[in-house]
Amino acid sequence: EVIDGLYTVSNIWLLGNSDRLYSVNIVEDGDNTLEVEENLSGSNGFLLGLSSGGNVNKAYNLIASDSGGKENFAALLEFADNLIAAGSTTGEFVAKAGSGTRQAVLARLDPNASETIDDEEKQIISELWRVQVPIDNAEILATANYRDDEIVALVRQAVGGGDEWSIILFSAEGVQLN
């Protein structure tokens, strides 16, 4: 299920949630195919990059380190030539950070990274950092970019029979500022 998207100079980016993993089979003629992989016990977020012509050229899976949680992403943001994906998890999106309840998460991704495999340079999506906010029963529903310097996150936390709303600020390095 696609949840959010945005357009950058090089790609159209789609953020979603699924119980599958995705990868891209790159072919020289440019007619790439999206590969749907194994069925997961929980759910994960995914990020797909498409050319302006609609050809899929990048895929990245946002999954908890313990693979047992349920990730639910809700917001995608362009930030200093990178992408910020935000939402929630019930697992350990960051190793040893899970509480067993839903917690807010953020990940910063470099969509223009590259790596060398068998003497051939390949374009990849590289994860720069990920954060799991230690607030139980919380999720990030929206994000905003403040001068490519801070990330503003709208957080909803279930408390008692209602919801509490708050704004959390993060530095460009993913450090919570308030």
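The preceding data block contains the structure.
Rules of the game
Residues numbered from 1 in each chain as written. Predicted model: local features only at pLDDT ≥ 70, side-chain atom pairs only at ≥ 80, totals over all residues. Heavy atoms only, no water. Helix = DSSP H or I, 4+ residues; strand = E, 2+ residues; numbered from the N terminus. Rg over C-alpha atoms; globule rule 2.2 N^0.38 Å. Buried < 20%, exposed > 50% of the residue type's maximum accessible area, 1.4 Å probe, protein only. Contact = heavy atoms within 4.5 Å. Areas by Shrake-Rupley, 256 points an atom, 1.4 Å probe, with all protein chains shown as cover. Lys, Arg positive; Asp, Glu negative; His and termini not counted. Charge placed at Lys NZ, Arg CZ, Asp CG, Glu CD. Pairing = 2+ DSSP bridges. Axes fitted to C-alpha atoms, helices over the stretch in contact; angles between N-to-C directions. Phe/Tyr/Trp six-rings, centres within 6.5 Å; stacked < 30°, edge-to-face > 60°. Lys NZ or Arg CZ within 6 Å of the ring centre and 35° of its normal. Patch = residues over 30% accessible without salt bridge, like charges linked within 9 Å, V, L, I, M, F, W, Y side chains within 5 Å. Salt bridge = Lys/Arg side-chain N within 4 Å of Asp/Glu carboxyl O. Core = buried A, V, L, I, M, F, W, Y, C linked by side-chain atoms within 4.5 Å. Polar contact = N/O pair within 3.5 Å; in protein donor to acceptor, adjacent residues only side chain to side chain.

Here we look at the overall build of the protein chain
From N to C terminus, the protein chain includes zero helices and 11 strands. Ordered by position from N to C terminus, the α and β elements of the protein chain give β-β-β-β-β-β-β-β-β-β-β. Computed over its C-alpha atoms, the radius of gyration of the protein chain comes to 16 Å, within 12% of the 16 Å expected for a compact globule of 178 residues. Principal axes of the C-alpha set define a box for the protein chain whose edges measure 55 × 40 × 30 Å. For the protein chain, buried positions account for 40% of its 178 residues. In the protein chain, 49% of the contacts between residues at least 6 apart in sequence involve partners at least 24 apart. Accessible area of the protein chain: about 9,000 Å², with a carbon and sulfur share of 46%. The averaged location of the 29 negative side-chain charges in the protein chain is 6 Å from the averaged location of its 10 positive side-chain charges.

Quick look at the sheet that holds strand β9 (residues 138-146)
Reading across the sheet, the three strands line up as β9-β10-β11 and stay open at both edges, with antiparallel pairing between neighbours. With one partner strand each, in any of the chains shown, β9 and β11 (162-171) form the two edges of the open sheet. Mean inter-strand twist for the sheet, computed between neighbouring axes without regard to direction, equals 20 degrees. Relative to β11, strand β10 (residues 150-159) is paired through 10 bridges, and the arrangement is antiparallel. Among the inter-strand pairings, A153 is bridged to a residue of β11, identified as I168.

Quick word on the packing of aromatic side chains
Enumeration according to the criterion identifies two aromatic pairs in this entry. When the ring centre of F93 is taken as origin, the NZ or CZ atom of R130, which lies over that ring, is 3.8 Å away.

Observations regarding the pairing of strand β8 (residues 120-132)
Summarising the sheet, strand β7 (residues 103-117) and β8 pair through 11 bridges and their orientation is antiparallel. Within β8, the residue paired with L109 across the bridge is E127. Between β7 and β8, which pair antiparallel and follow one another directly, the connecting turn spans two residues, one of which, D118, has a positive phi of 55 degrees.

Brief notes about a negative patch on the surface
On the surface, E28, D29, D31, D118, D119 and E120 cluster together to form a negatively charged patch. Its place among the elements puts D119 in the loop between β7 and β8.

Quick look at the nonpolar core
For soluble globular proteins, the rule of thumb is that nonpolar side chains tend to be buried together. Judged by nonpolar contacts, the single largest core of 18 residues is most densely connected at I84, L106, I140, I151 and F170. Of all elements in the fold, only β5 (71-79), β6 (82-89), β7, β8, β9, β10 and β11 reach the threshold of two or more residues within this core. Y60, L62, A85 and L109 belong to the second largest nonpolar core, which has 15 residues in total.

Description of the pairing of β10
As judged from the eight bridges shared by β9 and β10, these two strands associate in the antiparallel manner. By the bridge assignment, A142 is partnered in β10 with L154. Following β9, the chain reverses through three residues before pairing antiparallel with β10; R147 in that reversal takes a positive phi of roughly 55 degrees.

Topic: the side chain of T8
Along the chain, T8 falls in the loop between β1 (2-7) and β2 (12-25). Of the polar contacts made by the side chain of T8, one reaches the side chain of W13; its length is 3.3 Å. If we ignore the near neighbours within four places in the chain, the residues touching T8 are W13 and E78.

Side note on the sheet that holds strand β3 (residues 33-50)
Reading across from one edge, β1-β2-β3-β4 is the order of the four strands in this open sheet, with antiparallel pairing throughout. Looking along the sheet, the strands with just one partner apiece sit at the ends: β1 and β4 (56-62). Across this sheet, the average inter-strand angle for adjacent strands is 35 degrees, counted without regard to direction. With six bridges joining them, β3 and β4 adopt antiparallel strand pairing. Bridge pairing in β4 links G49 to K58.

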